[in-house]
Structures are given as structure tokens and as C-alpha cells.
Amino acid sequence: MARIASVVLSWISEWRRWRRWKAGQGSESSARTQPVDVLEERELVMGLDFGTAYTKVVVGDAVEAKQFAIAFTRTGAEPASYLPTCLYIDRAGKMGLSDMPSHSTSCLRDLKNRLVDSPDGSHVFAAASGNSVTALEVCTGYLALVIREAKRHFAALRADVYQGLRLVWQLNLGIPTAHDTADEELEATYRVLAMASWRVAMKSELVSVGNVRSTLAAVQHGSGEREDDGGLSAEDIEVIPEVVASAVGYSRSDVREDGLHLLIDVGALTVDMATFRLKAADEDLDSDAPDEDVDDKYAILESKLLYLGAESWRDEQVGKITGDSLTARRARALMGQFGIEDAVLRKLAHQGLNVEAAATVSISYRNQCCEWILRLLERTLRSRDPGAHYTLEPIRVVVVGGGSTLEPYRIAIRHARLSERVTNEWQPVELETPSSLVLEDGAAYARLAVAHGLGYRRDVIGRIHMKREIADISLVERDDDVRDRFVGPEQV
Ligand SMILES: Nc1ncnc2c1ncn2[C@@H]1O[C@H](COP(=O)(O)OP(=O)(O)OP(=O)(O)O)[C@@H](O)[C@H]1O
Ligand SMILES: [Mg+2]
């Protein structure tokens, strides 16, 4: 029986390869890589972590069991694994990742926020060039440019290795949803976004408002699926919750251990939290995953998505400070990307500025994060599956994301650890760049964990069990403001 299944699987796989090859015939992009022998191909995965502040891309090659973080080059800056999430549009509707000096351009930010705010993608940006573009169009143009640049960079980096091979791509796009309260509308929009941006990237034309608009229309009407998408079909696209992706990244790192985990991703827009149990798959697991010997099992127990990210923290501080004594512009310049940490606040206070209001923002963020960490752990340990043996296990704490080193979040985690509400042993995990991840800059792994996890083919990631079927028992999540229930800084 197993033998028959494996023969059928291999037929399907051959048929899919043939379909891809057939579909790719005639397109400009595939003509360049057209193989003599259609079976000589290499499957690659592009993991796209579309961040609010920065986008990170990792390309995975399962045959070599390696992942490559794409280093983006920007004029006047060293190549870096993070690309600012902003899009320039000129008067003619041409889109670019950097300023186009020849025409008047407008730079659009808040791409991801706007998409999340309007899950059908309909939020309208008014570009200075006079173009009105929707959030979905802007995000599609941006990701098309990112995909194009990533592919170009990757092809140059690996030209020798892939010479004569046909590259077969899959695309994994991270989505900011809690794993069990999937926002179906946003997920559908993300699928359209992934497909349309890939198609635009594969075309030889410039990325422009017109090009993006017509491609989106074709994707939304289900037309033109095979002709101009460079061999990527709907089944080659996965939309994966960011928090799940970072759990996968961690599990493929050299510091992984089996057991109960708390994962916290402090991004620019959101703080994603999840508890999960990680276990190497049973020995007898009948895996058809080639070239990979790991097939993990993840039980995602609980998750929570909070809109309490590092940029919101900074923006709220700006709001408070400008209410007192500074202009928004000056306040932003003072704090740059990093928010105002206590040391900076002290310096500002020394200069005679009243910054106490901004400090209250930090306290509020800290308290809310701490409270949610504790609620998540309580739900995991007491409400989900009372009596489950894992409730006494040590909790391995993995913290990722660019904001993970910032003060309110660090303190929130420390306070949660000291709380008597959860008494399990607490084991902070020191993340290191996995030996399989090739980095061209000195980027901290914590910021690349999501992209790294997205750089694996879905069928080798392992089994992810979403515990949706287990009803919540006792704790009802309250969305009330928890900030009033906490003491001030002087009492901490
Ligand atoms: N060295 C650094 N360079 C840039 N940003 C940093 C750095 N250190 C901390 N940060 C903070 O990290 C944030 C970016 O983190 P990250 O790249 O994880 O966010 P993101 O993935 O874009 O956001 P999200 O996941 O919410 O969409 C910035 O907003 C900034 O406040
Ligand atoms: Mg992120």
C-alpha cells in the first residue's frame, strides 16, 4: 500500500514538474533558464517576511540544506539583510525602492499597517504624484520589487551552483495573524498579494501602478494563471502566520530543544506571542520529504497578537512629548528608529524638557505586554488541557524581532518571569545564527528568525498542530485596559 502511495506521489510530482515546464515555455524569464533535461531542476523557497518597518528575505535550498539571507544594496549604505518597507512612486506611476531623482516622487510608508487596517486592501494612499493607489496596489508593487531584487541578487550569488539547472520556486509569505483566530479576509488578500507580486516581478516591464493594477485584476478574476507567472501556481504559495514561522526558524537553529516554549516577536507594529510544544517526529513517521532529516511536530497551544510594537511605542511617546514641548519632527529626529529609552529620557529631562508623559507610555506598554505574557501562559498551563504532563515542564523563552532589545519589552519579560502567577522554571534561550543560514552582513538572527522559518518548504517544515479544536475552558480574554492595575515606576 505504502509502495503504491509513493509511486502515485512520484507521478504527481513528475506531472507537476511537467506542468511547470510547459507553463514556463515561451515566457521571457523561463527562456533564460530553459533546461535541456527537464528533470534537472532545483526547488527553492523564497521566504518573505513583509515587515512594517523592514522586509527580510531568505531563500532556502533544501538540497544543500542551506538558507541564504538576501543582502539588499541601497545607495549610500552597506548591503543589509533588512530593507526599509517604503515605496517610491513617481508622477508617471513608476514604482521604486529608492528615490527617483528625475521626477517628483512620493515615498509611501505604513504599507503593512494600512493593509492590516483595511484587510480587503482598499485603503487609499494619496501619492504626491497625483496617483491614488490602494494599499493592496502599493504592497503588491513593493513586494514585486523586493522579489525581483532578491532573485537578481540570489542569481548572482549562486550563478555557478545553479548553472544549467531549472529553478523551481515556491513562495512563503508571513502574515500577522494569531494562529487560531485566522482573519480570513486578510489571508485571502495576502494570497492575492503574493501571487500578484510574483507575477509582476516576473514580467520584463517596469513595476508601475498600471502594471500592478492589471495584474491584480487578472489574479482576482483568476485569469492568466499559467502564462506569465513564471511557473508559480496557487499551490506553490503559502501564507504562514509570522509567529509560526519564527517557531520553525528556532526549531531549525542549533540551540533548539524539544519541549514547552514561549515565543515573543517584538516587531514594529505588533508583538506576537505564542506558546508551543516542539517535538522531533516519531521515528516511524512516513515522510516523503527528501534531503531533510528533520520533521518536527509543533503543537501551537496559544497565541496572541498585540498591536503594541516598537514603532507604536515610539509614536505614542512622540505624541506625548509633542503635547508638552517638542515639535513632532524634532522628537522623531531625537529618537530615530529606536524609541526613547530611559537613558534618553533622562538626558532630555536634564535639558529641561518635561518627558514624564512619555515615560508613562513605556510603563503602559511594559505592563500590557507583561499581563498578556502571563495570561497566555496561564491559558497554556491551566485552561487548555488541565492535567497535561507538559504543564510542569520548564518554559524555554525565545524572543525575536527588532524590538526585542528595547526596554519596555525586556522589562515586561523580566516581570513576567518574576510573577508568582506562573511558577514553572524559566529558561531564556540565547539565539545564535544557525549554521545553515548564510548571512552577508552582521544582522542579528533575532531579526531574521521569521524569514528564516519561511525559507523552508511547507512539506519539510514538519507537522503543525493548531489546537483550535480544544475549547477554551475558563479564562475569557479581557480586552480591557490593564494599565491602571499596575504600580508606577517608583514602586517597581
Ligand atoms: N538596529 C536596529 N535597526 C533598526 N531597527 C531597530 C534596531 N533595533 C531595534 N529596532 C526596532 O525594531 C523595529 C523593527 O523590528 P522588526 O524588523 O522586527 O519589525 P517588523 O518586522 O518590520 O515589524 P512587524 O513584525 O511588526 O511587521 C524598529 O521599529 C525599531 O524600533
Ligand atoms: Mg516582523
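Residues numbered from 1 in each chain as written. Chains lettered and ligands numbered in written order. Predicted model: local features only at pLDDT ≥ 70, side-chain atom pairs only at ≥ 80, totals over all residues.

1. Topic: the overall build of the chain
Helices and strands together make up the secondary structure of the chain, namely 15 helices and 20 strands. Here the chain, with 492 residues, has 43% of them falling under the buried criterion. Put simply, of all contacts in the chain between residues at least 6 apart along the chain, 75% involve residues at least 24 apart. (Helix = DSSP H or I, 4+ residues; strand = E, 2+ residues; numbered from the N terminus. Buried ≥ 20, exposed ≤ 12 C-beta atoms within 10 Å, placed from the backbone. Contact = placed C-beta atoms within 7 Å.)

2. Describing the site of ligand 1
Around ligand 1, a shell composed of 19 residues is seen, among which Gly51, Thr52, Gly267, Ala268 and Gly402 lie nearest. In the shell around ligand 1, the residues fall into six nonpolar, ten polar and three charged. Both domain 1 (39–240) and domain 2 (257–429 + 467–492) contribute no fewer than three residues apiece to the shell around ligand 1. (Near = placed C-beta within 6 Å. Nonpolar A, V, L, I, M, F, W, Y, C, P; charged D, E, K, R; others polar. Domains from an automatic or database assignment.)

3. What to know about the nonpolar core
Judged by nonpolar contacts, the single largest core of 118 residues is most densely connected at Met46, Leu263 and Ile373. For this core, the element with the most residues is helix H4 (residues 135–157), which contributes eleven residues. Residue assignment places this core across two domains, with domain 1 (39–240) and domain 2 (257–429 + 467–492) each supplying three or more. When sequence neighbours within four positions are dropped, the list of residues in contact with Leu263 reads Val243, Ser246, Ala247, Tyr250, Met273, Ala274, Phe276 and Val398. (Core = buried A, V, L, I, M, F, W, Y, C linked by C-beta atoms within 7 Å.)

4. A short note on the sheet that holds strand S7 (residues 87–90)
Ordered in space as S8-S7-S9, the three strands form an open sheet in which the pairing is antiparallel. One side of each edge strand has no neighbouring strand; the edge strands of this open sheet are strand S8 (95–96) and strand S9 (105–108). As defined by bridge partners, S7 adjoins S8 across two bridges and the pair is classed as antiparallel. Residue pairing across strands places Tyr88 opposite Gly96, the latter belonging to S8. (Pairing = 2+ DSSP bridges.)

5. What about helix H7 (residues 209–220)?
For the α-helix, the turn length of 3.6 residues means that residues three or four positions removed from each other point alike. Here H7 is twelve residues long and its end C-alpha atoms lie 16 Å apart, about the 16 Å a rise of 1.5 Å per residue gives. What H7 keeps buried is the set Val209, Asn211, Val212, Thr215, Leu216 and Val219. When H7 is viewed along its axis, its buried side chains cluster within an angular range of 160° and face the same direction. Contact partners of the buried residues in H7: S7, S8, strand S11 (132–134), H4 and helix H6 (184–202). Taken from the residues just after H7, Gly222 is the one with a positive phi, measuring 70°. (Expected span 1.5 Å × (residues − 1). Arc of directions from axis to C-beta.)

6. So, the confidence of the model for the chain
The predicted coordinates ought not to be read in detail in places where the model reports low pLDDT. Model confidence for the chain is summarised by a mean pLDDT of 78, while 71% of its residues fall at 70 or above. Considering only residues more than four positions removed or in separate chains, one finds that residues 1–36, a stretch of pLDDT under 50, has 28 contacts. Segment residues 283–293: pLDDT under 50, and 14 contacts once partners within four positions in sequence are set aside and those in other chains are kept. (pLDDT = per-residue confidence, 0-100.)

7. Digging into the packing of H4 against H7
Packing of H4 against H7 leaves a shortest axis separation of 9 Å and a crossing angle of 105°. In this view, H4 runs roughly perpendicular relative to H7, as classed from their interaxial angle. On H7, the residues touching Leu136, Glu137, Thr140 and Gly141 of H4 are Val209, Val212, Arg213 and Leu216. Considered class by class, the residues forming the contact of H4 with H7 number four nonpolar, two polar and two charged. (Axes fitted to C-alpha atoms, helices over the stretch in contact; angles between N-to-C directions. Parallel < 35°, antiparallel > 145°, perpendicular 65-115°, else oblique.)

8. Here's the deal with the pairing of S7
Residues Leu87 and Ile89 of S7 are buried on one face, and the alternating residues Tyr88 and Asp90, pointing to the opposite face, are buried as well. Note that S7 and S9 share four bridges and pair antiparallel. Residue pairing in the sheet places Tyr88 in a bridge with Cys107 of S9. Between S7 and S8, which pair antiparallel in sequence order, lie four residues; one of them, Gly93, sits at a positive phi of approximately 90°.

9. Some remarks on the environment of Arg91
Within the element layout of this structure, Arg91 appears in the loop between S7 and S8. Along the chain, Arg91 and Ala127 lie 36 residues apart, while their C-alpha atoms are 8.8 Å from each other.

10. Details of unusual backbone geometry
Despite not being glycine, Ala65 shows a phi value in the positive range, around 50°. Checked against the element boundaries, Ala65 lands in the loop between strand S2 (54–61) and strand S3 (66–69). You will see that Asp110, though not glycine, has its phi angle at about 60°, which is positive. Judged by the 19 C-beta atoms lying within 10 Å of it, Asp110 is partly exposed.

11. Digging into the environment of Phe154
With respect to the helices and strands, the residue Phe154 is situated in helix H4. Among the residues examined, Phe154 registers 19 C-beta atoms within 10 Å and is labelled partly exposed. Between the alpha carbons of Phe154 and Ala69 there is a distance of 9.1 Å; along the sequence they are 85 residues apart. Apart from residues lying up to four places away in sequence, Phe154 is in contact with Val59, Phe68 and Ile70.

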